[in-house]
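In case you want the letters, here they are:
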Amino acid sequence: MSFKDQFFIVRNRLFEKKNIILLIVLTIIFLILITCLTIIQFSINNKNEISNLADGRTYKIVHEVVDDDVNNTLRDVDFDDEQIEKIKNLEHVDLVVNEKYYLESRIEVSAFDKGSEKGVLTLKALLNKDDIKIKTGTNLENKYELVCSDIFYPHEFEDRIYSDLFIPSNEFLDKEIKVISSNEDLDEKEITLKIVGSYENKYMETANTCYTDMETYDQITSKYMGWIGSYDEYGNLIEKEYNEYTDYFVVIDSKENIPFVLEKLREMNMEYYPYFYTDYSFLYSLFLVPLFIGLVVIILTFSILYSFISKKNTSRLNNIGILKAIGYDEKDIIGLNFKENVILIIASYIISLLIYFIVLNYLTYTFLAEITYNNFILNVPYLLIIILLILFIFIIYLITKLSFKKIFNYSIQELLITK
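The model shown is predicted, which means the values in this text are computed figures rather than measured ones.

If you walk through the whole model with that rule in mind, you get one disulfide. One disulfide bridge connects Cys148 with Cys210, the sulfur atoms lying 2.1 Å from each other. Here the disulfide of Cys148 and Cys210 is right-handed, its torsion about the S-S bond being about 105°. Of the two residues, Cys148 is situated in strand E7 (residues 145-149) and Cys210 in strand E10 (residues 209-212); the sequence distance between them amounts to 62 residues. Overall, the relative accessible area of 0% leaves Cys148 in the buried class. Among the residues examined, Cys210 registers a relative accessible area of 0% and is labelled buried.

See below:
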């Protein structure tokens with residue numbers, strides 16, 4: 001059979017009512033399955049990322065607990081330099097730092113104001129240059145320098161984010177910004193900072209995050225955790241009592257060494273608790289639920305497609321009889337129908353992908369804005385989507401062959417007289 005003849009026959013069949021319905025059904029099925037694959041990959045990627053996160057190896061040491069022999073009680077003692085050195089010298093401890101430098105600070109930057117959206121940065125102290133991966137520009141070398149996230153959104157997240165408020169690195173590199181110091185000793189001094197580089201966005205870190213050195217961080221941020229005020233009978237502030245940063249964070253070099261370090265801290269009478277609590281139950285649900293839905297849909301799809309294609313072939317018995325009568329063999333007839341169904345699959349696949357990308361792009365900045373803003377991993381599972389298409393083509397091939405088994409038991413005469 002020539003290609004021209006095949007094209008003529010298949011083209012005339014494509015726009016039949018049954019094929020239009022099949023196209024719509026397949027589009028819906030592909031949308032469901034691609035969505036399931038996206039959620040499954042999201043759960044796997046984020047579980048792996050969380051398990052490798054440094055925050056999962058970080059513990060806050062609150063104070064030292066000391067026996068009071070006089071009163072037969074326990075009392076808290078603030079850390080001194082000698083105690084901190086002992087902790088730093090413990091095997092498998094990567095970092096020991098005052099909580100001030102492990103936490104983050106919010107700073108307003110009018111240079112990034114745009115419309116009703118205020119320019120706001122999340123400022124962190126860079127404790128180790130290897131903690132970030134520079135993409136453009138340079139790492140911190142001097143005082144009053146900043147490096148900011150490469151996919152940069154210098155605003156706070158509320159209900160949604162706006163794609164036009166993201167700033168590419170080439171637009172903020174070497175930009176100078178002015179901030180007002182919150183350090184109590186500097187009396188709201190204006191400090192000029194220069195953005196010297198961009199770094200690869202970090203998982204579970206806001207898209208408005210920038211890093212500076214510890215000395216600059218000290219000058220920009222408050223010396224204290226907070227304060228408690230005393231007021232007179234008229235509500236006027238008369239005295240402030242400041243809360244110092246007294247606790248420390250310990251970062252352990254690997255998950256395997258966490259029990260060892262914690263045991264050493266207990267031996268030193270240190271009280272601690274994890275900085276980051278991990279609950280994988282939600283991610284497990286995100287994996288199992290779409291996996292179950294996907295498997296059920298595939299099983300139902302096989303049944304639906306077999307029934308649909310069988311009925312479609314049965315309605316064409318006269319046409320099949322004519323093809324056999326003029327010399328087309330069974331292989332040719334199966335090939336024609338397979339090509340027709342493959343075209344429908346590919347067409348529905350493309351339509352479903354277009355809808356998927358349009359909806360995903362919308363959701364990225366609305367319902368999924370928090371995921372985008374906090375750099376959770378939401379990638380399109382391209383490889384799985386391609387495998388899905390190959391699987392469906394194989395399923396269609398099997399169904400097409402199976403659906404013709406009974407039909408080919410009829411003689412040409414029986415096929416031609418069938419109504």
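Our next topic: the packing of aromatic side chains. Tallying each qualifying case throughout the model produces 20 aromatic pairs. Measuring from centroid to centroid gives 6.0 Å for Tyr59 and Tyr272, while their planes differ by 80°, and the two rings are edge-to-face. Here Tyr59, found in strand E1 (residues 58-68), pairs with Tyr272, found in strand E14 (residues 270-274); they are 213 residues apart in sequence, far enough to count as distant. Residue class for Tyr59 comes out buried when judged on its relative accessible area of 11%. Taken together, a centroid distance of 6.2 Å and an interplanar angle of 65° make the contact between Phe166 and Tyr365 edge-to-face. Taken together, the residues Phe166 in the loop between E7 and helix H5 (169-172) and Tyr365 in the loop between helix H10 (330-364) and helix H11 (369-373) connect sequence positions 199 residues apart.

Let us now look at the packing of helix H2 (residues 17-51) against helix H12 (residues 382-405). Between H2 and H12, the least distance of the axes is 10 Å, while the angle of their chain directions is 140°. When the axis of H2 is compared with that of H12, the two are oblique. By crossing handedness, the relation of H2 to H12 is classed as right-handed. In contact with Leu26, Ile29, Phe30, Leu33, Ile34, Leu37 and Gln41 of H2, H12 contributes Leu384, Ile385, Leu388 and Phe392. Across the contact of H2 with H12, the residue classes tally to ten nonpolar, one polar and no charged.

With respect to burial, strand E5 (residues 120-125) is a largely interior element, six of its six residues being buried. Pairing geometry for strand E4 (residues 105-108) and E5, over four bridges, is antiparallel. Along E5, the bridge assignment pairs Arg106 with Thr122. Relative to E10, E5 runs parallel, the two being bridged by four bridges.

The next subject is the packing of H2 against helix H8 (residues 281-314). For any two helices packed against each other, one specifies the inter-axial angle together with the distance between the axes. Orientation of H2 relative to H8, taken along the N-to-C sense of each, is 160°, at an axis distance of 9 Å. Judged by the inter-axis angle, H2 sits roughly antiparallel to H8. As H2 packs across H8, the resulting crossing turns out to be left-handed. When grouped by side-chain class, the residues that make up the contact of H2 with H8 number 23 nonpolar, five polar and three charged.

Rules behind the numbers
Residues numbered from 1 in each chain as written. Predicted model: local features only at pLDDT ≥ 70, side-chain atom pairs only at ≥ 80, totals over all residues. Heavy atoms only, no water. Disulfide = S-S within 2.5 Å. Helix = DSSP H or I, 4+ residues; strand = E, 2+ residues; numbered from the N terminus. Buried < 20%, exposed > 50% of the residue type's maximum accessible area, 1.4 Å probe, protein only. Phe/Tyr/Trp six-rings, centres within 6.5 Å; stacked < 30°, edge-to-face > 60°. Axes fitted to C-alpha atoms, helices over the stretch in contact; angles between N-to-C directions. Parallel < 35°, antiparallel > 145°, perpendicular 65-115°, else oblique. Left-handed = near helix turned anticlockwise from the far one by under 90°. Contact = heavy atoms within 4.5 Å. Nonpolar A, V, L, I, M, F, W, Y, C, P; charged D, E, K, R; others polar. Pairing = 2+ DSSP bridges.

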